[in-house]
Amino acid sequence: MTKKYTCIIIDDDEIDRLTVVSFAKKFPILDILGVFESADEALPFIEEQKVDILFLDIDMPGLNGIEFRKKAMEIPVCIFITAHPEHAVESFQIETLDFIVKPLKLDRFTQTMSRVEEFMEIKLKALLFEASIGGDTIYIKEGHEQTKVKLHEILYLEALKDYTLVITEKKRHCVLSSIGNLLKEDHFQSFIRIHRSFAVQKQFIQKMNSTEIILNNNISIPVGRSYKENLNLI
């Protein structure tokens, strides 16, 4: 059964609004809960309903799209569809998944939906790990299951935007935490960051030079220019 995500559409322009509705109906994963001419009209609705995705114009009378998003940060996915590209930088400071410049085309909307599916899949699988008390074990919640992972079996960590991949010999796990935050945790003090996107454990290093580290299983991991000093800790 296809997983469905609830969405609302907010745009003061009728033609643009109907275009988004028409395109959204082409994707079975979308369940349109409401269509609104203004953000003010949608505000009480989101207080009562669980919404997964916002399709949102920016330049509207009354409450604009940026202001609305700031009041609706609990909604996981925000997609701005606007005629004003100058708002792009500001929009990405408030957790925007995509920014589409009008006129909206189906192929561009389809690209956005691919990003939505990928994001939601990762979000579903990756929740914060729970560390066991006083041990060498963490529990990673994936869907409805908890996976037990031994810290000494983790080969390396890889950053994936707001997530971190936890790589073992057998499996790749996904944790909803940035690599920087993860490395601040007591359980990850044995990891050494060698790149903006990678951290390794010393015991798995087979050889290294100024540009890369080779692990025991022959995986090559790059060394970032600004992290070369950390090699002295190895």
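In what follows, the accompanying structure is described. (Residues numbered from 1 in each chain as written. Predicted model: local features only at pLDDT ≥ 70, side-chain atom pairs only at ≥ 80, totals over all residues. Heavy atoms only, no water.)

Section: the pairing of strand β15 (residues 212-215)
Alignment of strand β14 (residues 205-208) against β15, held across three bridges, turns out to be antiparallel. Paired with K207 across the strands is I214, a residue of β15. Between the antiparallel neighbours β14 and β15 lie three residues. The sheet contact formed by β15 and strand β16 (residues 220-222) spans three bridges and is antiparallel. Of the residues in β16, the one forming a bridge with I213 is I221. (Pairing = 2+ DSSP bridges. Helix = DSSP H or I, 4+ residues; strand = E, 2+ residues; numbered from the N terminus.)

Regarding helix α1 (residues 14-24)
One full turn of an α-helix is made of 3.6 residues, so residues set three or four places apart face in the same direction. Along α1, the residues that are buried comprise R17, V20, V21, F23 and A24. Projection of α1 onto a plane perpendicular to its axis shows the buried side chains occupying an angular sector of 170°, all on one side. α1 presents E14, I15 and L18 as exposed residues on the side facing more than 90 degrees away from its buried surface. Capping of α1 at its N-terminal end is provided by D13; its side-chain oxygen lies 3.1 Å from the backbone amide nitrogen of I15. (Buried < 20%, exposed > 50% of the residue type's maximum accessible area, 1.4 Å probe, protein only. Arc of directions from axis to C-beta. Polar contact = N/O pair within 3.5 Å; in protein donor to acceptor, adjacent residues only side chain to side chain.)

Notes on the packing of aromatic side chains
In this structure the tally under the stated criterion is six aromatic pairs. For the pair F23 and F109, a centre-to-centre distance of 5.9 Å together with 55° between the ring planes defines the contact as tilted. With F23 in helix α1 and F109 in helix α5 (residues 106-125), the pair connects residues that are 86 residues apart, well separated along the chain. The same class applies to F23 as to F109, namely buried. (Phe/Tyr/Trp six-rings, centres within 6.5 Å; stacked < 30°, edge-to-face > 60°.)

A few points about the sheet that holds β16
Strand order across the open sheet formed by three strands is β14-β15-β16, with antiparallel pairing between neighbours. Of all the strands in the sheet, the pair left with one neighbour each is β14 and β16. Neighbour to neighbour, the strand axes of the sheet diverge by 25° on average, direction disregarded. (Axes fitted to C-alpha atoms, helices over the stretch in contact; angles between N-to-C directions.)

Re the sheet that holds strand β11 (residues 172-175)
In spatial order, the strands read β11-β10-β9-β13-β12; together these five strands make up an open sheet with antiparallel pairing. In this open sheet, the two edge strands, each paired with only one partner strand, are β11 and β12 (191-195). When the angles between neighbouring strand axes are averaged without regard to direction, this sheet yields 25°. Bridge count for β12 against strand β13 (residues 198-201) is four bridges, and the pairing is antiparallel. Its bridge partner lying in β13, F191 is registered against Q201.

Brief notes about helix α2 (residues 39-48)
Of the residues making up α2, those classed as buried are A39, A42 and I46. In a view along the axis of α2, the buried residues occupy a sector of 55°, so they form one face of it. Seen from the buried face of α2, the exposed residues on the opposite side, beyond 90 degrees, are E47 and E48. Elements that come into contact with the buried residues of α2 comprise β1 (5-10), β2 (30-36) and α3 (65-71). (Contact = heavy atoms within 4.5 Å.)

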